[in-house]
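Each chain, written out:
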Amino acid sequence: MIVRIMGEGQVALAESHLAELDKLDEELLVEMDNGDGPGFRRTLTALLNRVHELGEPLPVDALEPSDLILPSPDATIEEVRELLGDDGLIPGT
C-alpha cells in the first residue's frame, strides 16, 4: 500500500504492518480526546517514525494514488481532527 505523509512524500508499506500502526493510531485518538498535547506530539512522531522505519520511500518524482494519508510531523491536534474519519487516521484495521 502507498502511504502519503503530508509535506514529506510517499512511502510503500506492507499491509501486514497496519495492525501495529493502528495501535499507535488508537493512542493518538485517546490523547486527542483528552487534550493531551505532549502525548499527542509524542505518539504522532512515533507513528510517522514507524512508517518511515517499516516502509520504503518512493522516488520524489513518483506520484502514486495514496491508500492512506497521514498528517505532517508538525500538524496540530486541530489539523489532525480535520483529517480523521470514524476509524481514526488508519481506517479499516
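Check the entry above for the structure.
Enquirer: Help me understand the pattern of salt bridges in this model?
Expert: Between side chains of opposite charge, pairing is possible as soon as their charged atoms come close. Following the criterion strictly, the structure yields 2 salt bridges and no others. Among the ionic pairs, Arg50 bridges to Glu20, the shortest N-O distance being 2.4 Å. Of this pair, Arg50 sits in helix H2 (residues 37-54) while Glu20 sits in helix H1 (residues 18-33); the two residues are 30 residues apart in sequence, bridging distant segments of the chain. When its relative accessible area of 33% is taken as the criterion, Glu20 is described as partly exposed. A salt bridge links Glu53 to Arg50; the nearest nitrogen and oxygen atoms lie 2.6 Å apart. Placement of the pair is Glu53 and Arg50 together in helix H2, with a separation of 3 residues, close to one helical turn. When its relative accessible area of 55% is taken as the criterion, Glu53 is described as exposed. Each of Glu20, Arg50 and Glu53 takes part in a single network of salt bridges with overlapping partners.

Rules used in this analysis
- Residues numbered from 1 in each chain as written.
- Predicted model: local features only at pLDDT ≥ 70, side-chain atom pairs only at ≥ 80, totals over all residues.
- Heavy atoms only, no water.
- Salt bridge = Lys/Arg side-chain N within 4 Å of Asp/Glu carboxyl O.
- Helix = DSSP H or I, 4+ residues; strand = E, 2+ residues; numbered from the N terminus.
- Buried < 20%, exposed > 50% of the residue type's maximum accessible area, 1.4 Å probe, protein only.

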